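Structural features, examined
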Amino acid sequence: MDDDSREFERFARPHAAAALRLARTLVRNEADAQDVLQDSFLRAFRHFRGFSGESPRAWLLSIVRNVSFTLWRKRERDDPGEFEPTLDAEPDLAPSAEARLLEACDASEVHAALGRLPGLHREVLVLREMEECSYREIAEILGVPIGTVMSRLSRARAQLVRELVGDPRSKN
Amino acid sequence: MEPFDEHPRGALHAYLDGELSLEGSLEVEAHLSTCAACRRELETYRALRRVLQQARAAAPEAETALVRVTRGVRARRRRAFAIGGLGAMAAAAALALFLLPRTGSDITHEVAAVHARALDSGRSVQLASSDPVAVGQWLSARLPDTVPATAGGDGFSLRGARVDSLDGRPVATVVYQVRSHLVDVFAWPSAERDMEPRPSVAGRWTVCRWSHRGVAYWMVSDAGTEDLKALAALIKERRT
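Nothing here was measured: the structure is a model prediction, and the numbers come from that model.

Analysis parameters
- Residues numbered from 1 in each chain as written.
- Chains lettered and ligands numbered in written order.
- Predicted model: local features only at pLDDT ≥ 70, side-chain atom pairs only at ≥ 80, totals over all residues.
- Heavy atoms only, no water.
- Salt bridge = Lys/Arg side-chain N within 4 Å of Asp/Glu carboxyl O.
- Helix = DSSP H or I, 4+ residues; strand = E, 2+ residues; numbered from the N terminus.
- Buried < 20%, exposed > 50% of the residue type's maximum accessible area, 1.4 Å probe, protein only.
- Pairing = 2+ DSSP bridges.
- Contact = heavy atoms within 4.5 Å.
- Phe/Tyr/Trp six-rings, centres within 6.5 Å; stacked < 30°, edge-to-face > 60°.
- Buried area = accessible area lost by both parts, 1.4 Å probe.
- Polar contact = N/O pair within 3.5 Å; in protein donor to acceptor, adjacent residues only side chain to side chain.
- Nonpolar A, V, L, I, M, F, W, Y, C, P; charged D, E, K, R; others polar.

**Focus on the pattern of salt bridges**
- Inspection of the entire model under this criterion finds 23 salt bridges over all chains.
- For Arg 157 of chain A, the salt bridge identified is with Asp 17 of chain B, shortest N-O distance 2.7 Å. Of the two residues, Arg 157 of chain A sits in helix α8 (residues 146-165) while Asp 17 of chain B sits in the loop between α1 (9-16) and α2 (22-32), which places them in two different chains.
- For Asp 17 of chain B, a relative accessible area of 7% translates into the label buried.
- The salt bridge involving Asp 184 of chain B is made with Arg 162 of chain B; its shortest N-O contact spans 2.7 Å. With a gap of 22 residues between them, Asp 184 of chain B in strand β4 (residues 181-189) and Arg 162 of chain B in strand β2 (residues 156-166) connect regions that are remote in the sequence.

This is the structure we're talking about:
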């Protein structure tokens, strides 16, 4: 009678770390991230028998995202508007040779800069660059068309570059 | 093939991410061969990828959390199975067990099971309300003895109520929330002497019981012991 819980462990284990990283990306503190993770595993366990998609990872991460949002909506009054990116900024087209400056950034600077991005930008960067999800998987997780993934990713990258090495135009 | 008239904005990202068809990739490469600005941009985003990948944190706690959840599922089932098994036993044996006095730890498990069932079924409340008067009226319409409901405060919000069966009797369940945690507070009239709140941990749940002026309380949540103590104090304070 325990088989399905063991089976679920095998199903979810390869994606557990990605789930926690995404939760950390979407909520503001470690306790909330742990709550989101636990809740997501429970929900996933109840439904994983019915899972028939291609990517268990995308499915699990979409649950993490929904659970995070439920938590996030409860907090909305305290922290309004934080998740939506301001629609600025077509990416800067020619951000000079910032590559070397970027390479000098350490992990804590990177996490701090990610933390300053709107959630929609943060999550797409984490999914693509850290979890190496395909556009198709990201589209499935976010519930948006692939074209939106691409445009959001391009804005998010441009914004993160600006956060890390500054707007080249602001330096005289 | 046609080179891009303009800089290939989104396509540059799709190229970087290996998401373009062969034809699309060749188009982008044709543009890159003539456009230094796009080559620099691509180089920048490649560098960004490297720093992001280096900043990727290991998350070994995630597996621990997964195992905690699946173990919790198995433990709950073993208890349910044990109870089911009793029903199938010979009547005499069942009766003998029935006559054994209930201990605190039996109720602890029952309290935890009721809470887990309510969460699992997605019906944490039968009445959703943050109004203590409405909650009190709803409960008194369903139970012979009214139990006072307490307004939220100090980080706790009143979420609503249920009527559950606990220890063989119907009980009022008032549901509170603290941060992301739901807390069930079961209450019923009791002749027990007053008893201070005593939180304890039972598996993944924190439970707490106390008695106060003719009402016995049990509380269960996945919040911590300090949260439960604080809520118990709030409920006691509002009754005096």
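Continuing now.
**Here's the deal with the pairing of strand β5 (residues 195-202) of chain B**
Residue and element names in this part refer to chain B.
- In this structure, β5 lies alongside strand β6 (residues 205-212), joined through 6 bridges in antiparallel fashion. In the sheet register, Met 195 faces β6, and the bridge partner there is Ser 211.
- What sits between β5 and β6 in their antiparallel hairpin is a turn of 2 residues, with Gly 203 showing a positive phi close to 60°.

**Some words on the environment of Glu 131 of chain A**
- With respect to the helices and strands, the residue Glu 131 of chain A is situated in the loop between α6 (119-130) and α7 (135-142).
- For Glu 131 of chain A, a relative accessible area of 6% corresponds to the buried category.
- Considering only alpha carbons, one finds Glu 131 of chain A and Leu 22 of chain A, 109 residues apart in sequence, at a separation of 9.0 Å.
- In this view, Glu 131 of chain A contacts Ala 18, Arg 21, Arg 57 and Val 126 of chain A together with Arg 56 of chain B; residues no more than four positions away in its chain are not counted.

**A word on the packing of aromatic side chains**
Residues and elements named next belong to chain A.
- This structure, assessed with the given rule, holds 9 aromatic pairs over all chains.
- A centroid spacing of 5.6 Å and a plane angle of 70° characterise the contact between Phe 11 and Phe 51, whose relative ring orientation is edge-to-face. With Phe 11 in helix α1 (residues 3-26) and Phe 51 in the loop between α2 (30-47) and α3 (56-75), the pair connects residues that are 40 residues apart, well separated along the chain. Each member of the pair, Phe 11 as well as Phe 51, is classed as buried.

**So, the interface of chain A and chain B**
- Contacts between the two partners involve 59 residues from chain A and, on the opposite side, 49 residues from chain B.
- Summed over both partners, the interface of chain A with chain B comes to about 4,900 Å²; 58% of that surface belongs to carbon and sulfur atoms.
- At the junction of chain A with chain B, the criterion picks out 8 salt bridges.
- A salt bridge links Glu 63 of chain B to Arg 13 of chain A; the nearest nitrogen and oxygen atoms lie 2.7 Å apart.
- Put simply, chain A and chain B have 21 residue pairs in polar contact (both at pLDDT 80 or more) between them.
- Sorting the residues of the side of chain A that touches chain B by element identifies α1, α2, α3, α4 (99-103), α5 (107-116), α6 and α8 of chain A as the ones contributing at least two each.
- Broken down by element, the side of chain A that touches chain B gets its largest block of residues, 12 residues, from α1 of chain A.
- Tallied by class, residues from the side of chain A that touches chain B come to 31 nonpolar, 7 polar and 21 charged.

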